[in-house]
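# Observations on the model geometry
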Amino acid sequence: MEAQSKKTNVHFFACPTCVGYGFLVTPAGKPITCSQCVGKESLVGILGGKILYWDRPIDQLVIFEEKIIRTVKYARIGILTTLLTFGILMFLLEFWNIVQEGESFTFLITRRSPLLLIFYLTLPIFFYLLFVYYRGKTVSHPIPWRKTERDEVIAQENFEGATYNTLKNNKKTKLNVSSFVNEEVYKILEHAFQYAESMRHQTVEPLHVLAVLLPTTKLRLIFGRLGIPPVEFHKRVETLLEKFSDKKFQQALPGHKWYKMLMVAYEEAFVGERDQIQPQDLLFALVKVDKKIQDIFYDLGVDLTKLHHVSEWVHAQKQLAENVRRWQREALLKPKNTMNRALTARPTRVLDSMSQDLTLMARTGSFFPLINRKEELAATFRALKEVGGSVLFVGNSGTGKSAVIYGLAERMAAEEVPEQLKDRRLVAMNIGALLAGAAGVGVAEERMLAAIKEITLASNVILVIEDIDTLFSGAMGAAVESAQILTDFIGQGLMKVVATARTEEYLRFLQDKGSFLRRFKKIVVEEPNFDLTMRILQSRAGIFEYRYKAYYSYDALEQTILLTTRYFHERYLPEKALDVIEQAAIYAAEKRGAKTIVTKADVAEIIAQHTNIPVKEITAEESEKLLMLEEQIHERLIDQEEAVRSVASALRRAREELRDITRPIANLLFLGPTGVGKTELAKTVAALYFGDEKKMVRLDMSEYQDQLSIYRMIGSPTGSQSGGVGGYLTEAIRHSPFAVLLLDEIEKAHPDILNIFLQVMDDGRLTDTLGRTIDFTHTIIIATSNAVAQMIHDSVRQEMPMEKIKEQLIEGEIPKYFRPEFINRFDNVIVFKPLSEEDIFAIAKLLLKRVARDLENKGIFFSTSEDAVRELAEKGFDPKFGARPLRRVIQNHVDDALAKLLLKGTLGRRDQVILEVGGRIRVEKAEQLVT
Amino acid sequence: MSLQAAKLIVVHITRGIFFDILYFPIWWITRGITSAVKISVNWMRHYAHRFALLILLKNLHKPMFGQTDWQSRIISFFVRLVQFVVLTAGWIVWCAIISIVTLVWILMPFFILWAIMYQLTLVRTPPFSWWL
């Protein structure tokens, strides 16, 4: 019978009679050995051409025997040590005697005495103990991962058509997994077995092993990082375990999952290139083999990948410290000053005054170890090996160009570099220091020349120039000539240089300097991917944890990477992630005190502070708010049910992240007559979703009616007069990527401009003339148009239902103004109704409420009678112009009068102003408190 | 249970004596010697690296401190030569010390055996007496 596990490459074959258990249970509950497999190798597995089996029984007898073996061993060592100590004492006594007698020390060998005899008899014990110690440290029988290529082993698929029996009888390629188990793991297995016995469980399952692993420190560390509440976890494990209780219990025996677990643990250790099976392998095996355990973890938000990452984290810290120590040891051998070991170099005084020796700094451990970046380093070595070969690191700021250089400095300090780079100094020139105190004409140039001369004569200097574009960009000011001198020298290939430049600056200033660039090998330092960033964060986490007294959960780091990738477009990994986790630690420690754990929520809070976007997980009250969006919108907008519903659904979808993140949040087209609330709805959306009504970028399309106006939108091309300047739209969105983009009167725009929006609405991106990609995926695009207003008016007057109006619009009217592919891009075409009298009445009330609020700020109370409002509404009603006339009416009749009264001083605090029919305003003075 | 335990204890003690304690001398002669030699060779190499012997040798003809006039070259050559000779001598001395220590280490068991036999008057001469 074959059973294949999804997440492991081991193929299992079980004895058909006992299904791999090795024993059968009689109806009376007594276990008897399986007749076919005799309880031995009841389950075997195939991995990479070898047959795995477990041949070390675990039962009460064996455990007992193991205990005895251990006791005997310790007793033996104890007795021998005592004897040795005794022997040494004897030696010292004899030594003392000889001293007393004043004889020469050779008597220690030539004299015959019982004391010396005892000493010499016990001396071998010392060597024996050394032997025992040495044997304990080395693994005599390691897992054979070194012999075979890993992937080769995993992929091998021999044993076609094999069955359990053929495999069991195959003597040649068998591998006994139990011989690779380390002491700690074995003790855990024994412990699990005893636990099962004490619980009276018939079969020993991986769950027992898990229960036993829980209290260990390493696991608690892993759980801590994962943010798994230990008590909660323990409870779930216990609940599952209770189900195994068996009344007819006789003795505990391992079940088939047990054997599977051990073989998968072997696989884990093999893949992880470990010499023995260790507790962490056991942990992974447990999770892979037992679905119930998987479920427990999954419920608590942990999958296998996360488990692997965190386990790596916990183990990597040790490795990192070891690496650093190794380099420091080697670096101590390098000379402390500027001379090289071959003594062929020359002192470089001028250069030293305007530079920093990075290799010396690396020697003293000033740099943080570089994580990975193997290819970049390899390319650097290759380039620098050439005579006059130089390297230029190009990348966005924060991706780690300087980090690679510091990594290079460390390796040069430890001499772990190719021959051509050995015994050299890495010196970073500081152009600013060149200018310091260089008063007078020509002083700076003199210095530069002197420094260059020193470099060429010294022959052991590799120059580092960060942001080398500054030498060309004219930002040097007074040092322009010095820069020229330097670039000339470099261009002639007279010295090795390691330079950095940011991508933007490279494109602007360096790309066309062919003769200069010729010397440099360009190495692009890309933003690290998720895995590498995670490792970088994990390696730095230690310092922040120590400094701010807060501990990071894995979730916090993962969330940082995800959110900064999504929301911080102007900055790059790993710098932006490192910045955020540092702030998150500070925030968490401040909020909850020392020794707190930094969680996802803390990270979300920091990101929200930067971007003003609600990225936190939706709280209960916010979800209530979201469900009541329509009501909230109606606090500012009257009627237009369909529009409000559409918009509310779009916002809900966006907030729950059920949307396509490669497009804008929503693309909406508002059609309708003027003054009915299209712009008002857009403003409301900005206020509700982005937190502020002002988070809106408004483009009046009537300004973009000709073809050339496209440049105003996306920026003029480089080379033109106003070249290099961004366009209105691209700059606005670049600075505020979370906003409503309102395109008013879109039917008036030039068709080329509409084409741009085709791309924006589909792809969520736009490239400006400077070559930058502007991200629109966090905008809500709302386009408005009055083009079909007349048709809507007429249809409404004819009392056509909205559905029909919309249909007619889409089929007949709209294609007159817009191309079908344009209309298609919109998520929703929303038709706004003209306002009815009732609507105007409601709007009038709203507007008057605003007036009342303004007066309340001055301490004056404002109220109106129903009739007065109705009168105003009637005056302001004109279906053609929507609500705008109403605003004018209120302005003329109410605001003006109120302003006059206020200026006259007739109104005081706590007075009541009442608007009555006929436009009259009555003032009720408040009671005077002071005479 | 206790009878079984006693039996096991006896079994394991005898095992311990035979397989462990008696195996030890065999291990010493085979593995012990090879690993001791390996360690001492590494030690010597490490010191060669520390004294920068190879580097000195390679740079024998290069002028020191970049001074390329013929007088400096001659001076530099001689200085380097002397440096090299002195450092190599020092290294050789170190190697000798290391070798002696390793030899003593390897020969220890024999010495002990001899000393025991001498103490029990089974031999007449004390161990390594000619050395004294």
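Residues numbered from 1 in each chain as written. Chains lettered and ligands numbered in written order. Predicted model: local features only at pLDDT ≥ 70, side-chain atom pairs only at ≥ 80, totals over all residues. Heavy atoms only, no water.

### Examining the packing of aromatic side chains
Residues and elements named next belong to chain A. Taken as a whole and assessed by the stated rule, the structure comprises 18 aromatic pairs over all chains. Centroid distance Phe180 to Tyr266: 5.5 Å. Interplanar angle 35°. Geometry classified as tilted. Taken together, the residues Phe180 in the loop between strand 7 (174-176) and helix 6 (183-198) and Tyr266 in helix 10 (residues 256-271) connect sequence positions 86 residues apart. Residue classification places Phe180 among the buried residues on the basis of a relative accessible area of 2%. Ring centres of Phe233 and Phe297 lie 5.0 Å apart, and the angle between their planes is 55°; this geometry places the pair in the tilted category. Here Phe233, found in helix 9 (residues 230-242), pairs with Phe297, found in helix 12 (residues 291-299); they are 64 residues apart in sequence, far enough to count as distant. Judged by relative accessible area, which is 1%, Phe297 ranks as buried. (Phe/Tyr/Trp six-rings, centres within 6.5 Å; stacked < 30°, edge-to-face > 60°. Helix = DSSP H or I, 4+ residues; strand = E, 2+ residues; numbered from the N terminus. Buried < 20%, exposed > 50% of the residue type's maximum accessible area, 1.4 Å probe, protein only.)

### So, the UniProt feature "transmembrane region" (unreviewed entry) in chain B
All names here are of chain B. With numbering matched to this structure, UniProt assigns "transmembrane region" (unreviewed entry) to residues 6-29, 74-94 and 100-123. For residues 74-94, the helix share is 100%, the strand share is 0%, and the end-to-end C-alpha distance is 30 Å. Overall, residues 100-123 shows 83% helix and 0% strand. The separation of its end C-alpha atoms is 26 Å. (UniProt positions renumbered as here; feature names shortened; annotations may be inferred.)

### Concerning the sheet that holds strand 19 (residues 696-700) of chain A
Within a sheet, each strand pairs with its neighbour through backbone hydrogen bonds, oriented either parallel or antiparallel. Residues and elements named next belong to chain A. Strand order in the open sheet made by the five strands is 19-20-23-18-24, with parallel pairing throughout. Looking along the sheet, the strands with just one partner apiece sit at the ends: strand 19 and strand 24 (828-831). Across the sheet, the mean angle from the axis of one strand to that of its neighbour is 20°, orientation sign disregarded. Relative to strand 23 (residues 780-785), strand 18 (residues 666-671) is paired through six bridges, and the arrangement is parallel. Within strand 23, the residue paired with Asn667 across the bridge is Ile781. Strands strand 18 and strand 24 of the sheet are contacted by helix 35 (residues 802-817), whose axis makes an angle of about 115° with strand 24. (Pairing = 2+ DSSP bridges. Axes fitted to C-alpha atoms, helices over the stretch in contact; angles between N-to-C directions. Contact = heavy atoms within 4.5 Å.)

### A look at unusual backbone geometry
All names here are of chain A. Pro574 follows Leu573 through a cis peptide bond whose omega is -5°. Inspection of the secondary structure puts Pro574 in the loop between helix 24 (554-567) and helix 25 (575-592). The phi dihedral of Asp467 falls on the positive side, at around 55°, and the residue is not glycine. Residue placement: Asp467 occurs in the loop between strand 13 (461-465) and helix 20 (480-491).

### Section: the pattern of salt bridges
All names here are of chain A. As enumerated under the stated definition, the model contains 34 salt bridges over all chains in all. With a shortest N-O distance of 2.8 Å, Lys288 and Glu268 are connected by a salt bridge. On the criterion of sequence distance, the pair formed by Lys288 in helix 11 (residues 279-289) and Glu268 in helix 10 is long-range, its members being 20 residues apart. A single burial state applies to Lys288 and to Glu268, both of which are buried. Glu630 serves as the salt-bridge partner of Arg652, at 3.1 Å between the closest nitrogen and oxygen. With Arg652 in helix 29 (residues 641-655) and Glu630 in helix 28 (residues 629-634), this pair connects stretches of sequence that are 22 residues apart. Assessed through its relative accessible area of 23%, Arg652 is described here as partly exposed. Shared partners join several salt bridges into a network, and the residues in it are Arg70, Glu183 and Glu190. (Salt bridge = Lys/Arg side-chain N within 4 Å of Asp/Glu carboxyl O.)

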